[in-house]
Amino acid sequence: MSAAAAAPLGLLAELTHRCPLACPYCSNPLDLAARDSELSAAIWARVFHEAAALGVLQLHLSGGEPGARRDLAEITAAAHDPGLYSNLITSAIGFTRARLVGLRAAGLDHVQISIQDTEADPADRIAGYAGAHVHKLAIARIAVELGLALTINVVLHRANVARLRELVALAVELGAGRVELAHAQYYGWALRNRAALMPTRAQVDLATQHLAEMRARYAGRVAIDAVVPDYYAQRPKPCMGGWGRRSLNVTPSGRVLPCHAAETIPGLAFWSVRERSLAEIWTRSPGFLAFRGTDWMREPCRSCERREIDFGGCRCQALLLADDAAAADPACALSPRHDAMLALAAAATVADDRAYVYRARAPGAATSAPHAAAALEPFAP
């Protein structure tokens, strides 16, 4: 059924779409928000106070690269003021010890750094940024030295999934308290690069074994969160804990979404914090009400015993692969499109296309090497 919304627990604040990296699995939309459309620090401060009043406990400062904001320390302080636990989700590019010290003083609690691989060459190739890997490791160590909690995030794909054990070991060596291992989600740029990113079924099965080994080896030392790749799943995951149930996203320009990719669904109206309060948006926005609860469901979801466990899975994936946002997620074995989803995975791995299409390059352009112009010095917020 569709009941009144409980309080959200988490808020993802997308401060900007600007980013020095060009990862071929980038989850940002293909059409990025312009810098002059970004919310001001003052508006973010108001949003954070409204979020705390609504019941939000955890705030994730994200992007793009949030370090591209010159006023990041001001924004961080604004999050600390109403008592939100703040987590900086970052590529680490553009950060120095001095800048982290400033953010710590402003009230930052946690840093989450993305790592592309265990070695510099393959990691920098994926990031499209020469020198990124070495810098990431240095900033991770500085964060721990400063007393910030550290999470290492890894997007898994065909080129790095075989090194899952080594990736976890690297995170432990860096001092991380948590490791997030998430297979690429095939939207946006990842969809364009599906043939180059999709792991084989054998790779996924082996990675599942390695994950169990790592959880046993590091039990009590590090928390390891893992997301099964949808294209090889039997049951869908409760995307975002269910549409409009636990969390909300605010885009750089101020639109409030139930999930990162929600704007790919046509016909939904998403309100903005520029015109409405966060509480009004959470409880009354048509975009949030569209798939909240279970009343919207059709068969096989409507009568499924898991309907209030996985909430029908991902609406954006249903649109992408079943041409209907209200259809059963094709990741579910009960979906009539499930076999077609498996076939897409198999076709992608047969293609074995290792040429990545990078986000920062012209449409249709591809390269197998990091951007020649990329270096640590030119990026500045």
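Quick note: structure is the one above.
The structure presented is a predicted model; accordingly, all values stated were derived computationally and were not measured.

Draft legend 1. Representation of the overall build of the chain within the structure. Broken down by element type, the chain carries 13 helices and 9 strands. Taken against the 2.2 N^0.38 rule, which gives 21 Å for 381 residues, the C-alpha radius of gyration of the chain at 20 Å falls within 12% of a compact globule. Seen along its three principal axes, the alpha-carbon backbone of the chain occupies a region of about 55 × 50 × 45 Å. Within the chain, the fraction of its 381 residues that count as buried is 53%. Here the analysis covers contacts within the chain between residues at least 6 apart in sequence; of these, 73% occur between residues at least 24 apart. Across the chain, the centroid of the 39 positively charged side chains sits 1 Å from that of the 37 negatively charged ones.

Draft legend 2. Structural context of the sheet that holds strand E5 (residues 149-156). With respect to topology, 9 strands assemble into an open sheet ordered E7-E6-E5-E4-E3-E2-E1-E8-E9, the strand pairing being mixed. Each edge of the open sheet is held by one strand with a lone partner, namely strand E7 (223-227) and strand E9 (256-257). Two strands pair when backbone bridges link them, and strand E3 (residues 85-90) and strand E4 (residues 110-114) are joined in this way by 4 bridges, in the parallel orientation. Paired with Asn87 across the two strands is His110, which belongs to E4. Packed onto the sheet, helix H1 (residues 41-54) meets strand E1 (10-14), strand E2 (58-62) and strand E8 (247-250) and runs at close to 170° relative to E1. Against the sheet, helix H5 (residues 132-145) touches E4 and E5, its axis set at about 165° to E4.

Draft legend 3. Up close: helix H2 (residues 72-80). Regarding H2, the residues found buried are Leu72, Ile75, Thr76, Ala78 and Ala79. Take H2 and look down its axis: the buried residues cluster within an arc of 160°, on one side only. The secondary structure elements touched by the buried residues of H2 are H1, E2, E3 and helix H3 (97-106).

Draft legend 4. Broad picture of the packing of aromatic side chains. Under the criterion given, the structure shown has 6 aromatic pairs. Geometrically, the ring pair formed by Tyr356 and Tyr358 is edge-to-face, given 6.3 Å between the ring centres and 75° between the ring planes. Exposure class is identical for Tyr356 and Tyr358. Each is buried. Against the face of Trp189 rests Arg192, its NZ or CZ located 4.7 Å from the ring centre. For Arg276, the ring lying beneath its charged end belongs to Trp271, and the centroid distance is 3.6 Å.

Draft legend 5. Highlighting the packing of helix H6 (residues 164-174) against helix H9 (residues 201-217). Relative to each other, H6 and H9 sit at 30°, their axes nearing to 9 Å. Compared by their axis directions, H6 and H9 come out roughly parallel. In terms of crossing hand, the pair formed by H6 and H9 is right-handed. Counted together, Leu164, Arg165 and Val168 of H6 and Ala207, His210, Leu211, Glu213 and Met214 of H9 form the full contact between these two elements.

Draft legend 6. Region of interest: the environment of Asp71. Along the chain, Asp71 turns up in the loop between E2 and H2. The sequence separation of Asp71 and Ser40 amounts to 31 residues, and the corresponding C-alpha distance is 8.9 Å. One polar contact links Asp71 to Arg69, side chain to side chain, over a distance of 2.9 Å.

What counts and how
Numbers given for residues are sequential positions, taken from 1 along each chain in its written order. Residue-level local features of this predicted model are given only where pLDDT is at least 70; pairs of side-chain atoms are given and counted only at 80 or more, and the full residue set underlies all totals for whole chains, interfaces and linings. Calculation of side-chain values draws on the structure's entire complement of heavy atoms; hydrogens and water are dropped beforehand. Counting from the N terminus, the helices are the DSSP runs of H or I reaching at least four residues and the strands are the DSSP runs of E reaching at least two. Restricting the calculation to C-alpha atoms gives the radius of gyration, and the globule rule supplies 2.2 Å times the number of residues raised to the power 0.38. Here the term buried applies to any residue with accessible area under 20% of the maximum for its type, exposed to any over 50%, and partly exposed to those in between, with areas from a 1.4 Å probe on protein chains only. Any two residues having at least one pair of non-hydrogen atoms within 4.5 Å are treated as being in contact. In this charge count, Lys and Arg are treated as positive and Asp and Glu as negative; neither His nor the chain ends contribute. By convention, the charge on Lys lies at NZ, on Arg at CZ, on Asp at CG and on Glu at CD. Two strands qualify as a pair provided DSSP detects at least 2 bridges between them. Between N-to-C directions, angles cover 0 to 180 degrees, with each direction set by a line fitted to C-alpha atoms, over the stretch in contact for helices. Taking the helix axis as origin, the arc is that swept by the directions to the C-beta atoms. In this analysis, rings of Phe, Tyr and Trp, with Trp reduced to its six-membered ring, are considered paired at centre separations within 6.5 Å, and the interplanar angle assigns stacked below 30 degrees, edge-to-face beyond 60, and tilted for intermediate values. Here, over-ring charges are defined by two tests on the NZ atom of lysine or the CZ atom of arginine: distance to the ring centre within 6 Å, and angle to the ring normal within 35 degrees. Angle categories: roughly parallel below 35 degrees, roughly antiparallel above 145, roughly perpendicular from 65 to 115, and oblique for all the rest. Handedness of a crossing follows from how the near helix is turned relative to the far one, being left-handed for an anticlockwise turn of less than a right angle and right-handed for a clockwise one. We call two N or O atoms a polar contact when they sit within 3.5 Å, provided that within protein one can donate a hydrogen and the other can accept it, with sequence-adjacent residues counted only if both atoms are side-chain atoms.

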